[in-house]
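Structural characterization, general
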Amino acid sequence: MTLKERYAGVIAWFEEHMPVAESELAYGSPYELLVAVILSAQCTDKRVNMTTPALFEAFPTPQAMAAATPEQIYPYIKSISYPNNKAKNLAGMARMLCEEFGGEVPSDLKELQRLPGVGRKTANVVGAVIWQKEVMPVDTHVFRVSNRIGLTNRSKTPLQTELTLEKYIPSHLLPTAHHWLILHGRYVCTARAPKCAECGVSTWCRKYAEDNKRSKTE
């Protein structure tokens, strides 16, 4: 199977079986999504969604959060991973939003990455979800699933994965394909016990083929 054939099969399956794929983070504005994505680093969306209602009630706008100290933000996010660091980032992010961007989340990805707590992946997520930017955010699920299926040639870094996926997935599908791979990794192609028997893309999966070949020779 060629790489193009694998991509074609995987994309066709997701287009048919998961035509609507969206972020599972709860948000009501670009500001709220940005906060939620910052909090989601090395933390589950479920935990973030349990935390953000009280946080957004206390700090409903960038201006409200910009007026707060990290110590004031911390109690609202203490159940999140790395709460001290994230509280500092949220306070700094909100201040910069207000001081340099008029309280509006910038749509330019390079400008987004200037904000405290916002790296390439976070900027790409916000860009893809809010503005349908044709980019591929790579989190742990996307990285793992892409390598397992064989969409990448066992990439060593998220950036390698991102560039490969952006090369072979039609650009207009990238914002949706990001969610395809995340949801597939979250519920089917899980880290420790992938549900290969339930997997709709096993026909095109490199690891599934390798495991079957190995079992036949044993």
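Residues numbered from 1 in each chain as written. Predicted model: local features only at pLDDT ≥ 70, side-chain atom pairs only at ≥ 80, totals over all residues. Heavy atoms only, no water.

- The name an unreviewed UniProt entry assigns to the protein is Endonuclease III, from the organism Alistipes putredinis DSM 17216.
- Among the UniProt annotations of the protein, the heading Catalytic activity (unreviewed entry) holds the following wording: "2'-deoxyribonucleotide-(2'-deoxyribose 5'-phosphate)-2'-deoxyribonucleotide-DNA = a 3'-end 2'-deoxyribonucleotide-(2,3-dehydro-2,3-deoxyribose 5'-phosphate)-DNA + a 5'-end 5'-phospho-2'-deoxyribonucleoside-DNA + H(+)".
- Quoted verbatim from the Sequence similarities (unreviewed entry) field of UniProt, the annotation for the protein is "Belongs to the Nth/MutY family." (UniProt positions renumbered as here; feature names shortened; annotations may be inferred.)

**Considering the packing of aromatic side chains**
- On inspection of all chains with the given rule, the structure shows five aromatic pairs.
- For the pair phenylalanine 14 and tryptophan 180, a centre-to-centre distance of 5.4 Å together with 10 degrees between the ring planes defines the contact as stacked. Residue phenylalanine 14 is located in helix H1 (residues 3-17), and its partner tryptophan 180 is located in helix H11 (residues 174-187); the two are separated by 166 residues in the primary sequence.
- Measuring from centroid to centroid gives 5.5 Å for phenylalanine 59 and tyrosine 76, while their planes differ by 80 degrees, and the two rings are edge-to-face. Highlighted residues: phenylalanine 59 in the loop between helix H3 (45-58) and helix H4 (62-66) and tyrosine 76 in helix H5 (residues 70-77), separated in sequence by 17 residues.
- For tyrosine 76, a relative accessible area of 34% translates into the label partly exposed.
- Linked through ring pairs, Trp13, Phe14 and Trp180 together constitute an aromatic cluster. (Phe/Tyr/Trp six-rings, centres within 6.5 Å; stacked < 30°, edge-to-face > 60°. Helix = DSSP H or I, 4+ residues; strand = E, 2+ residues; numbered from the N terminus. Buried < 20%, exposed > 50% of the residue type's maximum accessible area, 1.4 Å probe, protein only.)

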